[in-house]
Amino acid sequence: MAPPKLPMTCGEVVVHDFGKVEPHKSGYHDEEFIYPVGFRSSRKYLSVVNPAAKCLYYSEVVEGPDGEPIFRVTCEQDKSEPIEDKSADAVWSVVLERITSLTRRSSRAGAMPSSANRGAEMYGLTFDKARKAIMDLPGATECSKLRANIEASARADRLAQLEENNERAATHEAKEAREREKEKQHLVKMVKPLKGGKRKKNEAYVQPPEMDTLHVGQYRCMEEGIEILPAADPQPSAAVRDAHTDEDQVDELHKIWELAAVLHFIRCFRVSLGLTTLTAEDFHLAFVECSAALKIIHLRLLLPAADRRRAPEMTEGDQWLVLLRKFLRESEARWDPETGTLEKDPPEWSKILEADPMPDSIEQYFELTLRQRALILWACCEHLVEADEAERVDAFPNVDWEDADAFRMTPRCHDARNNAYWYFDGSDGVLYREGTPAPSSAGRPTFEALSRGYEELAEVGKKLMTEGRKHKKPELLEFAQWLVEEEAPKLLSKAQAAERAKSKQAMFELMPRKRSSRIVDKEVHHEQRVKEEAESAARKSEDDARRRADSEKRRKEKERDERLREREAMDEKSRKDEELLKQLLEADRERRARKRRRLMAAARESSDFEKLPVVGVRTSSRIKDKGDPNWWETGNKVEVQYQAEWWQAIIIKVRKSIFSGEDSDVEVLVAYVGGAQEDNEWIKITEARIRAPTETWDASDDEDYSEDEEGGG
């Protein structure tokens, strides 16, 4: 398998290297994920240096000195100190804790990943593309703890057990068939001649007169004097009448290669679909008649595996057409990570036809041509083969899907004109030839049946042998010899065996019906055993489903409880931090108030207060004269009266009506020195509680306010 194309984008994560899988070393995989040595990915997230911005993180898996894995995360803004730990969850928990410690007093922490598989999600290991690429690496299937490998092994064991049970059942059926054949032979020996008794020893044998040929619906009476009554000819349906009288319709069916592909698909998956072996003639007849057999085929393809048993019950009405129309018209919506939008896929009918075959009602199905019906049936088969792994396993639980293309047929050979010859196993002598596209067929190749039985197959094989020798095509010559020498005689023997079995069955039906009580008891016991096994399997399946549901429910409840506990712990921590910050701010504000009261009291007690200069007091560069009309400009320092005391403040905003030039309409937003942001308030400059600053503005207050501003206010 080709290596994945790197770098690979998986959502917000970019994988640069998938590394090497170490299946036999401890710690390099668990039940959910594989951690290859050398795995390296990157993603953007909040920086541990400046949480207000995002930066690039590199996540790696390296091998430690003791052989155990080391999970390393490196921040692009701090490459000198990479973070390392023993698991992906632990190393990313350290990163998130650092970010939280820097942002717990603000709302910049952003959306944190879920607690379950947090580290794997940040590494990018939870994405389906990355998982598939890692599972394709050498050694991935040898990881013994990985749940996917355990389930695959269990599935293989179930398949092996199923095959063993099928072989045992086949052996049992063959044994019973031999016993029934012995019983028939015993009955034949016991039957006496119906008329005339035994012939004498020396009496010449006299050939009995020929019997009249019986037609459909007639019966034969072996007693003399009884008139043979001819039965009325049954009137076949229009579809049957057309199928038997119109040779062109039969030829058209043999020219539709999609119909041959459908028959091959049914033969490959008949056990999973619950269908019996169909000959090409029976399949074509069911297709033309649209009989119950064709309805069952459609239902088995459209229904889930658990509901396929109800297919015979659903053939009476039009429910199969309702399901078929729903399948053709449904359109799935998928998320496009590049555009970030939901895009709808085109409906199924658009892949095979130019227009909706049943736009108005299901009755329009019977107005379609044979080729259109064949294309619809072929699309149902292709949908199951092309489905994703989960849908295919659900549809065919007993099939190994490791290489789905192995179920597709390839041409047996090509001739000198590059025509391809197709021969499907079990096709009863039907050989197809695919010709090169004609100029008038819009690029579509021709498809026709060269033979329809063992006699025609042998004649076609002889012609192909002559052509192979003439044009020196060893591949064609070998295939033709196989048709003439092996396949045609095998089909002849098969037809003769079927004819003999038919004759034996007819003879057996004419014999008296007498069954051995031992055989009857054996069949009854066998039916009871099969019924008990089916009931036991159903009960076991229900118990397993109930246990899985309970386990899943407990796991989800545990995850929900963990998330709630983490959220409550983070909320409690944030609340305590906010309370501590509020207490610190209140204490600082009280300290400033006490300091101001102390200075003002000392100034009042001094008798020469107005004459002496104030030591350590400076005049602010932004102080304006009281007569200056622009003393309330933004950035100026003012004093505001609050609870009978004057407090220092800074003007941070000014607003004035554009329709008035009066100062009475001017309002300023003041921020108290040492106060909190919620203390800011709007005041009109005409109010008596605001004034220009005095000459007692302490320089230490300016320095404290500057420190508050640099710290974020």
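Because the structure is a prediction, the values reported are computed rather than measured. (Residues numbered from 1 in each chain as written. Predicted model: local features only at pLDDT ≥ 70, side-chain atom pairs only at ≥ 80, totals over all residues. Heavy atoms only, no water.)

Trainee: Sorry if this is basic, but what is going on with the overall build of the protein chain here?
Mentor: Helix and strand content of the protein chain: 17 helices and 17 strands. Burial statistics for the protein chain: of 713 residues in total, 31% are counted as buried. Pairs at least 24 residues apart make up 52% of the contacts formed inside the protein chain by residues separated by at least 6 positions. For the protein chain, the computed accessible surface area is about 46,900 Å², with 51% contributed by carbon and sulfur atoms. (Helix = DSSP H or I, 4+ residues; strand = E, 2+ residues; numbered from the N terminus. Buried < 20%, exposed > 50% of the residue type's maximum accessible area, 1.4 Å probe, protein only. Contact = heavy atoms within 4.5 Å. Areas by Shrake-Rupley, 256 points an atom, 1.4 Å probe, with all protein chains shown as cover.)

Trainee: I'm lost on helix α10 (residues 292–302) in this one. Help?
Mentor: Helical periodicity: at 3.6 residues per turn, an α-helix aligns residues three or four positions apart in one direction. Of all 11 residues making up α10, 8 are buried, and the element is well covered by its neighbours. On its buried face, α10 is in contact with α7 (257–268), α8 (270–273), α9 (280–289), α11 (319–329) and α12 (370–386).

Trainee: What exactly am I supposed to notice about the nonpolar core here?
Mentor: In a soluble, globular protein the nonpolar side chains are often hidden away together inside. The biggest cluster of nonpolar side chains holds 54 residues, and the ones touching the most others in it are F265, F283, F287, L301, L324, Y365 and L377. Mapped by element, the contributors of at least two residues to this core are α7, α9, α10, α11, α12, β10 (420–422) and β11 (430–434). Take this core: its biggest share by element is 10 residues, from α12. The residues contacting L324, other than those within four sequence positions of it, are H298, L302, M358, Y365, I376 and C380. (Core = buried A, V, L, I, M, F, W, Y, C linked by side-chain atoms within 4.5 Å.)

Trainee: I keep staring at the pairing of strand β3 (residues 40–46) and nothing clicks. Help me out?
Mentor: Counting buried residues in β3 gives 5 out of 7 residues, a clear majority hidden from the surface. Pairing geometry for strand β2 (residues 13–17) and β3, over 4 bridges, is antiparallel. Of the residues in β3, the one forming a bridge with V15 is S41. Pairing of β3 with strand β4 (residues 54–63), which is carried by 7 bridges, proceeds in the antiparallel orientation. Counted as the bridge partner of L46 is K54 from β4. (Pairing = 2+ DSSP bridges.)

Trainee: Could you clarify how one ought to interpret the pairing of strand β6 (residues 78–85) in this entry?
Mentor: Put simply, side chains in a regular strand alternate between the two faces of the sheet. Examined bridge by bridge, strand β5 (residues 69–75) and β6 share 4 bridges and lie antiparallel to one another. Looking at the pairing, C75 lines up with D78 of β6. Connecting β5 to the next strand, β6, in antiparallel fashion are 2 residues.

Trainee: Would you mind going over the packing of aromatic side chains with me for this structure?
Mentor: Ring pairs (aromatic) are described by centroid distance and by the angle formed between their planes. Following the criterion strictly, the structure yields 11 aromatic pairs and no others. Judged by centre distance (5.9 Å) and plane angle (80 degrees), the rings of F71 and Y123 are edge-to-face. With a gap of 52 residues between them, F71 in strand β5 and Y123 in helix α2 (residues 118–123) connect regions that are remote in the sequence. With relative accessibility at 2%, the residue F71 sits in the buried group. (Phe/Tyr/Trp six-rings, centres within 6.5 Å; stacked < 30°, edge-to-face > 60°.)

Trainee: Just to check I follow, could you spell out unusual backbone geometry for this structure?
Mentor: Comment: phi is negative for the bulk of residues other than glycine, and the bulk of peptide bonds are trans. The omega torsion of the bond from L6 to P7 falls at -5 degrees, within 30 degrees of zero and hence cis. In this fold, P7 is placed in the segment before β1 (8–10). Even without being a glycine, N418 presents a positive backbone phi close to 65 degrees. By relative accessible area, which is 51% here, N418 ends up exposed.

Trainee: Could you clarify how one ought to interpret the sheet that holds strand β12 (residues 447–452) in this entry?
Mentor: Adjacent strands of a sheet form backbone hydrogen bonds with each other and so pair up, either parallel or antiparallel. With antiparallel pairing, the 4 strands of this open sheet are ordered in space as β9-β10-β11-β12. One side of each edge strand has no neighbouring strand; the edge strands of this open sheet are β9 (413–414) and β12. Sheet topology places β11 next to β12; 5 bridges connect them, and they run antiparallel. Considered in β12, the bridge of V430 is made with R452. Where helix α14 (residues 454–471) meets the sheet, it contacts β10, β11 and β12, and its direction lies at approximately 115 degrees from that of β12. (Axes fitted to C-alpha atoms, helices over the stretch in contact; angles between N-to-C directions.)

Trainee: Help me understand the sheet that holds strand β15 (residues 666–672), please; the structure alone is not making it clear to me.
Mentor: The antiparallel open sheet is built from 5 strands, whose spatial order is β16-β15-β14-β13-β17. At either end of the open sheet lies a strand with only one pairing partner, and these are β16 (681–684) and β17 (690–691).

Trainee: Any chance you could explain the pattern of salt bridges here in plain terms?
Mentor: If the charged atoms of two oppositely charged side chains come close together, the side chains can form a pair. Applying the stated criterion across every chain yields a total of 25 salt bridges. Here K522 makes a salt bridge to E179, at a shortest N to O gap of 3.2 Å. Of the two residues, K522 is situated in helix α16 (residues 517–605) and E179 in helix α4 (residues 147–190); the sequence distance between them amounts to 343 residues. With relative accessibility at 26%, the residue E179 sits in the partly exposed group. A single network of salt bridges, built from pairs that share partners, joins E31, E32, R131 and R147. (Salt bridge = Lys/Arg side-chain N within 4 Å of Asp/Glu carboxyl O.)

Trainee: I tried to follow the confidence of the model for the protein chain on my own but got confused; where do I start?
Mentor: Should the pLDDT be low somewhere, the predicted coordinates at that spot are not to be read in detail. Mean pLDDT over the protein chain works out to 76, with 74% of the residues at or above the 70 mark. In this model, residues 105–112 is a region of pLDDT below 50 whose contacts with residues beyond four sequence positions or in other chains number 13 contacts. (pLDDT = per-residue confidence, 0-100.)

Trainee: In this structure, what is going on with α9? I would like to understand it.
Mentor: Those residues of α9 not exposed but buried are A280, F283, H284, A286, F287 and V288. C290, located one to two residues past α9, shows a positive phi value of around 55 degrees.

Trainee: Could you clarify how one ought to interpret the packing of α10 against α12 in this entry?
Mentor: Helices that pack against each other are described as a pair by the angle of their axes relative to one another and the distance between those axes. At their nearest, the axes of α10 and α12 sit 10 Å apart, and the two run at 30 degrees to each other. What the angle tells us is that α10 and α12 run roughly parallel. The two elements α10 and α12 cross, and the hand of that crossing is left-handed. Residue-level contacts link L294, I297, H298, L301 and L302 of α10 to L377, C380, C381 and L384 of α12. (Parallel < 35°, antiparallel > 145°, perpendicular 65-115°, else oblique. Left-handed = near helix turned anticlockwise from the far one by under 90°.)

Trainee: Explain the side chain of N419 to me, please; I cannot follow it from the model alone.
Mentor: Counting through the fold element by element, N419 comes out in the loop between β9 and β10. Accessibility expressed as a relative area gives 10% for N419, which makes it buried.

Trainee: Can you help me understand a negative patch on the surface in this one?
Mentor: Together, D388, E389, E391 and D394 make up a region of like negative charge exposed at the surface. Along the chain, the position of E391 falls in helix α13 (residues 389–395). (Patch = residues over 30% accessible without salt bridge, like charges linked within 9 Å, V, L, I, M, F, W, Y side chains within 5 Å. Lys, Arg positive; Asp, Glu negative; His and termini not counted. Charge placed at Lys NZ, Arg CZ, Asp CG, Glu CD.)

Trainee: Where do I start with the state of the cysteines in this structure?
Mentor: By definition, a disulfide is the covalent link that joins the sulfur atoms of two cysteine residues. Enumeration according to the criterion identifies 0 disulfides in this entry. Free cysteine: C380, not disulfide-bonded; nearest cysteine sulfur from C381 at 6.7 Å. On the basis of relative accessible area, C380 is assigned to the buried category, the value being 2%. (Disulfide = S-S within 2.5 Å.)

Trainee: Sorry if this is basic, but what is going on with the environment of L324 here?
Mentor: Along the chain, the position of L324 falls in helix α11. Linking L324 and L301, residues 23 residues apart in sequence, is a C-alpha distance of 9.7 Å.

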